[in-house]
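Each chain is listed here by its residues.
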Amino acid sequence: MELIRAFSAPFGAARDLRRYFGRAMRRLQDRARLALPTENALLGDLGGRFGTFEEFLSAAGRERDRLPIADLARPWASAYLDERHPERRSRILARADSICAHRFDLLGSGPKVLGPRLPWHADFKSGRVWDSRAHFEDLRSALEEDFGEGADVKIPWELSRFQHLPLLGQALWLSGDRRYFEEFRAQVLDWIAENRPGRGVNWTCTMDVAIRAVNWVWAYAFFRPEILADRPFASVFLRSLFVHGRFVAANLENGGPVTSNHYFADLVGLLFLGVLFRGAPEADTWKGMAVTEIARESERQTYPDGVDFEASTSYHRLKTEMALVSLLLLERSGFRLPALRQRVRGMVEYAAHYIKPDGLAPQVGDNDDGRLQILGEHDADRRDHRHLLAVAGCVFDDDALFALAGKRWEEAFWLFGEPCASRIERRAAAPRVTVTGRHFRSAGSVVLRHEDLYAFVDAGSVGLEGLGAHAHNDTFSVEIQACGQDLVVDPGTGCYTPDLQLRDRFRSTAFHNTVRVDGQEINPIPTSPFELPGVDRPSVARFESRAGFDLVDALHHGYARLEDPVVHRRIVLLNKRTRRFVIEDRLEGRARHRIEWFFHLAPRCRPVDAAMVPPARFRAGEVEFEIEPIVLPEGTRAFLEEGLYSSGYGRVERAPVVRYDWTGELPVVGRFSLAARRPRGERATETP
């Protein structure tokens, strides 16, 4: 053994030395490649097409078709909103004023005034500050040391995504007030001064670098005349944007066993920058790769029925948002990609089906409130995904999709201008659009719905080819909404890495509306906060959507690993005539087991009769509903307990949970009925 150690030590030292010199060489290369280029260097990078920087700025001012924003005239946009939708104009200006006051609400922080200089390197919620001088590779490798310690690196990342910049641009268009440009310029200059390329926490995640670049490009679209008229600022701003492209291209997040939304965001960033700087050899390379890879990754990262493969509705929204704007930008740049167009259409149709009658999405899997860009209604609930439908309605020339978006059309307005305005005006005369139940076979997602009755049943895998990075133990979990009120809900996500115990609670079986056996997880939860390997093998045996009912019948094998294997079969029925939901669970096995049923109620739900133990009737707003056990084994006990609910990342509140508990010999059947009563005089409604 000592001999082995003696021989191995020099070899280990040599390996460490090679790693050290390899890292040193990469950093020297980064210092040269990622340094902010001089104006003359940028002119060379642009292919030598311009003799002076002034020539480049002059050409940029003449090229109106470089960006995906609609060819809107500022006076027309301002007049349209002022005359037709003055309340929206007022909201945009009020929100922009908050940004000028440095008042932000990020990832559950609540409105916070962050001071005269924004804390680019800080989690202002916990007080943690990252070293602005540290190399991004060192910070990236050390981030896991902060897991579970209360600090959240997503806070500075979110602030540095600059998703508030388009809002400042819109405020300038609507008011003509130059102070919105001054605020944009001040923030960007301060960020560039405090975040040297490759240094600090805001370069550690390539996805966030790409999203920041996209929002800077949008800011350029809104502020272009002001930027180009301010030569010193235009110089540093455009040179920094070019460095963003170089960084993303050199640090693509495609090195793992499977790519995800991170790599897709990298590609979208390169597409935006490639279009902005097109003609430059380096930028044309970015654009060429982005065109090919976006088309390829759209198929790799979604199932044939259009559902994102990460088992999360929040990440499906993000992926669809990125795919939609990429498709639009590509088509406006002259590309025709029928396969991509068809796949994006499928992604939108999935969203149209899973969005609930009140306009919000069910919280399946992780929800980190992630967006690519926010062009409309900056303060809207992040669970509202209807803006996708308005944009898609314009992209695919589909009035039905546009109608389903309801009032969430602002994003489409800034992308399409007058064509969107025309759709808004004629929508009032269009027939009412309804959405039916549907089984998305490849993903295992099932939607049961009729008028204002809605249920989502998750019968799919953990996603990401079995890695389950953003999945929860929600197999067969249901969300139920009726009469415009959430009744049974998925508790959401809470947070990612600041509190690992809280993260695992929100991922656990007991935090979902499904069945737990012997206190075990459906899929064992590993120590890593972004892994949930699937062993449950869910499948849908039957789905029907008819005039009188929607029904799904599915089974999974998550408890087959127990000493006495148990198979869980769940049937969910929506009876459209009686307006009643029925949930039946069959647990197949031979030995003695403990069986628990969980029903997580929306936070505003309260017992109608608090003296009844346990209560069966509840009230949500003006709506009353009851959870009635129809068939349960003798000896089942029922409890009303206090649980948690997270409406978005970083937000946690208390909410009631109804739990049924039984121990005995299998097989066993449990059957529950849920019915809601609509307030008097109120009629069934679809998406507002």
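Above this text you will find the structure in question.
What comes next is a walk through the structure. On a predicted model such as this, the values are computed, not experimentally measured, just so you know. (Residues numbered from 1 in each chain as written. Predicted model: local features only at pLDDT ≥ 70, side-chain atom pairs only at ≥ 80, totals over all residues. Heavy atoms only, no water.)

## Brief notes about the pairing of strand S13 (residues 567-575)
Alignment of strand S12 (residues 549-556) against S13, held across eight bridges, turns out to be antiparallel. Within S13, the position partnered with His 556 by the bridge is His 568. When S13 meets strand S14 (residues 580-588), the two strands line up antiparallel, connected through nine bridges. Residue pairing in the sheet places Asn 575 in a bridge with Arg 580 of S14. Linking two consecutive strands that pair antiparallel, namely S13 and S14, is a turn of four residues; a positive phi of about 55° is found at Arg 579 within it. (Pairing = 2+ DSSP bridges. Helix = DSSP H or I, 4+ residues; strand = E, 2+ residues; numbered from the N terminus.)

## Let's talk about the nonpolar core
Phe 184, Phe 237, Leu 241, Phe 277 and Trp 414 are the most contacted members of the largest nonpolar core, which totals 156 residues. Counting residues per element, this core draws most heavily on helix H10 (residues 206-229), which supplies 16 residues. Listed in part, the 45 residues of the second largest apolar core include Leu 487, Val 566, Phe 625 and Val 658. (Core = buried A, V, L, I, M, F, W, Y, C linked by side-chain atoms within 4.5 Å. Buried < 20%, exposed > 50% of the residue type's maximum accessible area, 1.4 Å probe, protein only.)

## A few points about the packing of aromatic side chains
According to the stated counting rule, one finds 39 aromatic pairs in the structure shown. Note on Trp 173 and Phe 222: the rings are 5.4 Å apart at their centroids and 75° apart in plane angle, and the pair reads as edge-to-face. Here Trp 173, found in helix H8 (residues 165-175), pairs with Phe 222, found in helix H10; they are 49 residues apart in sequence, far enough to count as distant. Here the two residues Trp 173 and Phe 222 agree in accessibility, since each one is buried. With a centroid separation of 5.2 Å and 50° between ring planes, the pair formed by Phe 242 and Trp 286 is classed as tilted. You can see Phe 242 sitting in helix H11 (residues 231-250) and its partner Trp 286 sitting in helix H13 (residues 281-300), a full 44 residues away along the chain. Of the two residues examined, Phe 242 and Trp 286, each falls in the buried class. Across the ring face of Tyr 649, the terminal group of Lys 154 is positioned such that the distance to the ring centre comes to 5.4 Å. Across the ring face of Trp 203, the terminal group of Arg 212 is positioned such that the distance to the ring centre comes to 5.2 Å. (Phe/Tyr/Trp six-rings, centres within 6.5 Å; stacked < 30°, edge-to-face > 60°. Lys NZ or Arg CZ within 6 Å of the ring centre and 35° of its normal.)

By themselves, these figures tell us nothing about what the structure is for.
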